[in-house]
Structure formats: C-alpha cells, structure tokens
Amino acid sequence: MRSHQMITEFTGRLRFAVPRLLIAGLAVAGIALAERGLPDASTQLAGDEFVPEPAMAKLLAFGFDAVMADWQWMRAVQIVGSPAGPVGRSHTLAAMIDVVTTLDPYVDHPYRFAAVWLTDDEAAVRKANALIRRGIEHHPDDWRGYFYLAFNHFFYLDEQPEAARALEPALSLPGSPVYLNRLAARLKGQVGGLDTAAAFLAEMANQAQDEGEREEYAKALREIETERRARFLDAARAEYVMRHKRDIASVNDLVSSRVLPSLPEDPFGEGWEVSAETGQIVSKHVRYRYGVKIDSGNRVLIEQFRERSRKAQGL
C-alpha cells in the first residue's frame, strides 16, 4: 500500500516536473543557439566575441533570464582574466554587462565591474555611466554607485559639475565614508568657487553628531582659507613677475621686493613655500593646492585615455 502511494506521489510530481524540464531544455538549447556563432577561444582572445542584443538574449533565454545573465557574466570575467587582458575590449565587455544587467538588473557587482573596466575611450566610459545609473536605479541606497559615477565624470570625462551632482546623493546614505563630504566640497570648490565649498562644509559641520567629524570639517575649512591666501600670493607673484621680468626664487621675495609688506599667515602655522613638484605657492603643512588632487602618474593615464578617445573619434 505504501509503495503504491509513493509511486502515485512520484508520478504526480513528475507530471508537473516534465514541463519545467522541457522549458529548461529549451532554454539551454536557446543559449546554445545564441552561442553557435561564437568563434573559438583563440579568436575570442583577439576581441571578436559575439554578444546578442539584450532583447534577443531575453527572447532566447525562454524565461531563464538568470541563466543567460550568468553565462554572459562568466564570459566577461574570462576576458578580464585572459592572457590578452581587457585592454581594447571595453565595448565587448559593455555589451556583455548590458545583457547581464538587463536580464538580471538587481545584481550588484557587474555594475561596479563596468565602472572599473570600461575605460578604453570616452564612448566606453559613457556606456559605463549608463550602466552605473541602471545600478543606482536598482540599488539607490548603495553609495558606491554614486561614487563611481562621480569618479568617471571627474577623472575621465573632465565634467566637474556633473561629478559634484553625481556624488552628492551618496553623502547621506548608510555606510558612506566621511571622506566623501570633503571630496564633495573639493569638487564644489572647483565648480562653484571657494565660497560654495566653505558653505557646504560649514553646513555639514553643523549637522555632524560626532566630535571627530566636526574636527575633520574644521580642518577642511582651514584648507579652504589656506587656498584663499595662496591665491592672494599668486596675485602678488604675478605682480612681481611683471615688475622684475623673472619669477620668484622663494615666497619671501614678495616681501623683500616690497610687492607685499608681509606674508599672510598660514592657517596651519607652518609658512609658505614654492612646491618643487608643481611650482605653485603652497602651505608647508598642506603642500598642495585645494581641489581634487591628481598625481603625475594619474595625469599620464588621463592623457593616454584622451588620446585613445581622440583616435576613436577620428580626430
């Protein structure tokens, strides 16, 4: 009797399972059909990968969107980890991540993957930004999406107002690091001027609940005041050059030549110098001018990126 009951239950479950298995088989067949036109591995490494349009991939997935998304994600990861590497492959990677995030938009890591690897040229970065915005739409409380979007606007595209606007929503999100507030202030300083940055930081200091945070904002405000005084010294330096037809050897030349009666006080109390690295007048404490700092190595990367973008546009 018990055996009969088990057989009945099994056949009943099989009746419901068969359609599902059939659909799964069709999905696998669809994926295989989509991939039939793929070149062999050696050709893939040369950058000739076939990637279906997201709409076609969705159609061929037969409802098993996550399966197709995982397949394309695996291919994208293999490109990055291949001996040939991802350089020059941004547009293929973008197409793959577009499929992944269209079929499975609530994934999270592929959006950040796009931000990191889609950097061959301007068109690739703008595609990355579109994917990051899709990620923000589906993960609005994750501060990292706003950060990556702001970074791309600032670092690659030289769009500082867009960078400032992109970053600002992240500042109040759970888990966002405190340094984002100072970064946002620096962006605002470059876009709207020092008054805008100072007003922003003062308001953040008023809202801060932690004494350590308030101290950081106070330090940032001193950096802004340092920049104001450095700009005053810049103007005096220009006057010196106009009078003497040569540049200053040290900041003290501005006083000894009577361009200035005295040097303004450094808000950090350490005095002023001409930076050996940049040639700018800087505080001996801060050692760089106010703004988002880009070191010489990254400046080379930016110029290489812009050269690739010009070539891609036929300029």
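Here, every reference points to the structure presented above.
Definitions and cut-offs
Within each chain, residues carry numbers counting from 1 in the order of the written sequence. Under the rules for a predicted model, residues below a pLDDT of 70 receive no local features and side-chain atom pairs below 80 are neither given nor counted, while totals for whole chains, interfaces and linings still include all residues. Side-chain calculation: all heavy atoms of the structure are included, whereas hydrogens and water are not. Per the convention used, a helix needs a DSSP run of H or I reaching at least four residues, while a strand needs a run of E reaching at least two, with both numbered from the N terminus. Throughout, exposure labels follow a simple rule: accessible area from a 1.4 Å probe, protein chains only, divided by the maximum for the residue type, with under 20% read as buried, over 50% as exposed, and the rest as partly exposed. Pairs of residues are marked as contacts when any of their non-hydrogen atoms sit within 4.5 Å. Areas reported as accessible are Shrake-Rupley estimates using a 1.4 Å probe. Residue values count occlusion only from the protein chains shown. Each residue after the first adds 1.5 Å to the expected span of a helix. Our arc is simply the arc of the directions from the helix axis toward the C-beta atoms. We define a nonpolar core as any set of buried Ala, Val, Leu, Ile, Met, Phe, Trp, Tyr and Cys residues linked to one another through side-chain atoms lying within 4.5 Å. Pairs were defined over the aromatic rings of Phe, Tyr and Trp, the Trp ring being its six-membered one, requiring ring centres within 6.5 Å. Orientation was assigned from the angle between planes: stacked under 30 degrees, edge-to-face over 60, tilted for the rest.

**Some thoughts on the overall build of the protein**
When helices and strands are tallied, the protein shows 14 helices and two strands. Residue burial in the protein is summarised as follows: out of 315 residues, 42% are buried. At a minimum sequence separation of 6, the contacts of the protein that also span at least 24 residues come to 58%. As presented, the protein carries roughly 17,600 Å² of accessible surface, and 57% of it is formed by carbon and sulfur atoms.

**Concerning helix H11 (residues 194–207)**
Its 14 residues give H11 an end-to-end C-alpha distance of 20 Å, which sits within 8% of 20 Å, the value for a rise of 1.5 Å per residue. Of all the residues in H11, the buried ones are Leu-194, Ala-197, Ala-198, Phe-200, Leu-201, Met-204 and Ala-205. Buried residues along H11 cover an arc of 160° about the axis, so they all sit on one side. Along H11, exposed side chains directed more than 90 degrees from the buried face belong to Asp-195 and Asn-206.

**Observations concerning the nonpolar core**
Considering soluble globular proteins, one finds that nonpolar side chains tend to be buried as a cluster. The biggest cluster of nonpolar side chains holds 39 residues, and the ones touching the most others in it are Phe-154, Leu-167, Leu-187, Phe-200, Leu-201, Ile-224 and Tyr-290. Those elements that provide at least two residues to this core are helix H7 (122–138), helix H8 (143–156), helix H9 (160–167), helix H10 (179–192), H11, helix H12 (211–244) and helix H14 (296–312). In contact with Ile-224, other than residues within four places in its own chain, are Leu-194, Ala-197, Ala-198, Leu-201 and Tyr-290. Core analysis: the next-biggest nonpolar cluster, separate from the first, contains 23 residues, Val-80, Leu-93, Met-96 and Leu-118 among them.

**Here we look at the packing of aromatic side chains**
This structure, assessed with the given rule, holds eight aromatic pairs. Relative to Phe-155, the ring of Phe-151 lies with its centre 5.0 Å away and its plane at 10°, an arrangement referred to as stacked. Taken as a pair, Phe-151 and Phe-155 lie in helix H8 at a separation of four residues, close to a single helical turn. Phe-155 sits in the buried class, given a relative accessible area of 7%. On the numbers, 5.0 Å between centres and 80° between planes, the contact of Phe-155 with Tyr-156 is edge-to-face. As far as burial versus exposure is concerned, Phe-155 and Tyr-156 are alike and both buried. Members of the aromatic cluster, joined through ring pairs, are Phe-151, Phe-155, Tyr-156 and Phe-305.

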